[in-house]
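Architecture at a glance
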Amino acid sequence: MGNCFESCSKSNDIVDENIDSSVNSKTLSQGDSDPERSSTLSSPCSLKPLITGKDEADSNLSAPSKEGEMMNSQHLKSFMLDELKNATGNFCPESVIGEGGFGFVHKGSVNDGAGIEIAVAVKQLKTDGFQGHKEWLREVNYLGRLHHPNLVKLIGYTLDDEQRLLVYEYMPNGSLDNHLFEKGSTVLSWSLRLQIVIGSARGLCFLHEDKDQIIYRDFKTANILLDSGFNAKLSDFGLAKDGPKDDRLHVTTEVIGTQGYAAPEYLTTGHLTTKCDVYSFGIVLLEILTGRRVIDKTKAREEENLVQWVKPYLQDKRKAYRIMDTKLAGQYSHKAAFMMSFLALQCIGDVKVRPSMLEVLSLLEKVSIPRHKKSRSKGFDTYSSSPMPSKRFLITN
Ligand SMILES: Nc1ncnc2c1ncn2[C@@H]1O[C@H](COP(=O)(O)OP(=O)(O)OP(=O)(O)O)[C@@H](O)[C@H]1O
Ligand SMILES: [Mg+2]
């Protein structure tokens, strides 16, 4: 990784480079897909997953070998099941902090090895299904070797006969989805929204801008977690996939993801590229600007589909601000609103002209720094033109 922060890394302590070919022997077909794998937020507009077709790489898989499928990572701790039972009060209902397609998420605390108790989130895989095992394995194998301030930290795992668990750093502010869409949640200010957008863009850039490119494939508000300072961290690498190799332009694979976030060209051809993540990023950007879900059945018919609703506004500079979340109460300049919505439009546009995440990040940073600061700060140019800038950034628009 050429352009990353000092504190980010992709470890080389890998035993098996081919994640997909190391998993279970069962092949995926439409009938095998797990219909439960979706955000199970009780909202009527929760989005259903898309799982269709068959993954090329998965069609010739050998029998599962449990630990043999896993890469070595010195960063990950292998927890005994009893340790995690102790950590979560035997997975008691009071410890539940969320539920996704993977299973329940519990809050707990474990010893960090130096005698200090740290808060953790423990994800417990529903015991059924090949898809779940495959996602668990991908999570361990990717997050075990990826380290970046905008990726959630995986602390360890448990693999115990039927039980599969994942232990993460605890993110006190939950998911972006909770903050944007749940009734009664505190309103995220414009500056916090910008901070979150930029942090998630940095996370995606880290994955894309490396010779060992990774396509995240599940970029959505539910997978953006927020730490105590509302810094964004990407979670859930269960659908992540290595990018194309040997001069190939795309990876051909099963169509899998969450409805509303998947790029149209991927849905029709199964061709996966980093530009698919850019499309999902554009959708999330729209959700952040409007405070609306990509698909919301509770809205009037013509407003159910966010993309269709916003498009006519986004094409007109004078109307762009009309899509903005009214809860923001005009904390932004019209110019910033237009630039952000225009960027979203480019991200969800035709794949041939869709920008890269690096280009997206560079533009976002320009929006986030007001003009008077730009002209006064000598360091700004270096900072803004840097493909992967340092952690310092100003958010004032
Ligand atoms: N590390 C964490 N720290 C704090 N809360 C977390 C953490 N991981 C997950 N959660 C909470 O658990 C919820 C469920 O997360 P999970 O990733 O299982 O499902 P999801 O992303 O909502 O849906 P999907 O099934 O598509 O993954 C999140 O919305 C969040 O509130
Ligand atoms: Mg998730």
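Please read these numbers as outputs of a predicted model, since none were measured by experiment. (Residues numbered from 1 in each chain as written. Chains lettered and ligands numbered in written order. Predicted model: local features only at pLDDT ≥ 70, side-chain atom pairs only at ≥ 80, totals over all residues.)

1. A closer look at the confidence of the model for the chain
A low pLDDT means the predicted coordinates there should not be read in detail. Confidence in the prediction of the chain, expressed as mean pLDDT, is 78, and 73% of residues score 70 or more. Counting contacts from residues 12-66, a segment whose pLDDT is below 50, to residues more than four positions away or on other chains yields 106 contacts. Across residues 374-397, confidence stays below pLDDT 50; counting only partners more than four residues off in sequence or on other chains, it has 39 contacts. (pLDDT = per-residue confidence, 0-100. Contact = placed C-beta atoms within 7 Å.)

2. A few points about the nonpolar core
The biggest cluster of nonpolar side chains holds 91 residues, and the ones touching the most others in it are Val120, Val167, Ala201, Phe281, Leu285, Cys347 and Val360. With 11 residues, helix H4 (residues 190-208) is the largest single contributor of residues to this core. Discounting chain neighbours no more than four positions away, the residues touching phenylalanine 281 are Ala201, Leu204, Phe219, Cys347, Met357 and Val360. (Core = buried A, V, L, I, M, F, W, Y, C linked by C-beta atoms within 7 Å. Buried ≥ 20, exposed ≤ 12 C-beta atoms within 10 Å, placed from the backbone. Helix = DSSP H or I, 4+ residues; strand = E, 2+ residues; numbered from the N terminus.)

3. Topic: the site of ligand 1
In the vicinity of ligand 1, 26 residues are found, and the nearest of them are Gly98, Gly100, Gly101, Ala121 and Met171. Listing elements by their share of the shell around ligand 1, those giving two or more residues are strand E4 (96-99), strand E6 (117-125) and helix H3 (176-181). When its residues are assigned to classes, the shell around ligand 1 shows 10 nonpolar, 11 polar and five charged. (Near = placed C-beta within 6 Å. Nonpolar A, V, L, I, M, F, W, Y, C, P; charged D, E, K, R; others polar.)

4. With respect to the environment of glutamine 163
When you line up the elements, glutamine 163 lands in strand E9 (residues 163-169). Residue glutamine 163 is classed as exposed on the basis of its 12 C-beta neighbours within 10 Å. Glutamine 163 sits 30 residues away from histidine 133 along the chain, and the two C-alpha atoms are 9.9 Å apart.

5. Let's talk about the sheet that holds E9
Strand pairing within a sheet occurs via backbone hydrogen bonds; the two strands may be parallel or antiparallel. One open sheet holds the six strands; their spatial order is E3-E8-E9-E6-E5-E4, and the pairing between them is mixed. Because the sheet does not close on itself, it has two edges, and the strands there are strand E3 (77-78) and E4. Strands E6, strand E8 (154-160) and E9 of the sheet are contacted by helix H2 (residues 130-143), whose axis makes an angle of about 35° with E9. (Pairing = 2+ DSSP bridges. Axes fitted to C-alpha atoms, helices over the stretch in contact; angles between N-to-C directions.)

6. A few points about the packing of H4 against helix H9 (residues 357-368)
Where H4 contacts H9, the two axes come as close as 9 Å, and the packing angle between them is 155°. Considering the angle they form, H4 stands roughly antiparallel to H9. Once H4 is placed against H9, the crossing between them reads as left-handed. Here H4 contributes Leu194, Val197, Ile198, Ala201, Arg202, Leu204, Cys205 and His208 to the contact with H9, which in turn contributes Met357, Leu358, Val360, Leu361, Leu364, Glu365 and Ser368. The residue makeup of the contact of H4 with H9, split by class, is 11 nonpolar, two polar and two charged. (Parallel < 35°, antiparallel > 145°, perpendicular 65-115°, else oblique. Left-handed = near helix turned anticlockwise from the far one by under 90°.)

7. Looking at unusual backbone geometry
Located in the positive-phi region is phenylalanine 91, a residue other than glycine, with phi close to 55°. Within the fold, phenylalanine 91 resides in the loop between helix H1 (81-87) and E4. Taking the number of C-beta atoms within 10 Å as the measure of exposure, phenylalanine 91 has 16 and is therefore partly exposed. Here the phi dihedral of aspartate 236 falls at roughly 70°; this positive angle occurs in a residue that is not glycine. Relative to the assigned elements, aspartate 236 resides in the loop between strand E12 (232-234) and strand E13 (241-242). For aspartate 236, a count of 26 C-beta atoms within 10 Å puts it in the buried group.

8. A short note on the environment of lysine 123
If you trace the backbone, lysine 123 turns up in strand E6. A sequence separation of 42 residues divides lysine 123 from leucine 165, and the C-alpha atoms of the two residues are 5.5 Å apart. For lysine 123, the residues in contact, after removing those within four places along its chain, are Phe102, Gly103, Val105, Leu165 and Leu166.

9. Things to note about the environment of tyrosine 157
With respect to the secondary-structure elements, tyrosine 157 resides in strand E8. Residue tyrosine 157 is classed as buried on the basis of its C-beta count, with 25 C-beta atoms lying within 10 Å. Spatially, the C-alpha atom of tyrosine 157 lies 5.3 Å from that of serine 78, the residues being 79 residues apart in sequence. The contacts of tyrosine 157, once residues within four sequence positions are left out, are Leu76, Ser78, Phe79, Val140, Leu165, Leu166 and Val167.

10. Topic: helix H7 (residues 306-314)
Restricting attention to buried positions, one finds in H7 the residues Leu306, Val310 and Leu314. Down the axis of H7, the sector holding all buried residues measures 45°, keeping them to one side. Set apart from the buried face of H7 by more than 90 degrees, the exposed residues are Gln308 and Pro312. (Arc of directions from axis to C-beta.)

11. Here's the deal with the UniProt feature "binding site: ATP" (unreviewed entry) in the chain
On the UniProt side, "binding site: ATP" (unreviewed entry) is annotated at positions that read Lys123 here. Take lysine 123: there are 23 C-beta atoms within 10 Å of it, and that puts it in the buried class. (UniProt positions renumbered as here; feature names shortened; annotations may be inferred.)

12. Quick word on the pairing of E8
Burial runs high along E8: five of the seven residues are buried. One ladder, built from two bridges, connects E3 with E8; its direction is parallel. Bridging across to E8, serine 78 finds its partner in tyrosine 157. Examined bridge by bridge, E8 and E9 share six bridges and lie antiparallel to one another. Looking across to E9, one finds that glycine 156 is bridged to valine 167.

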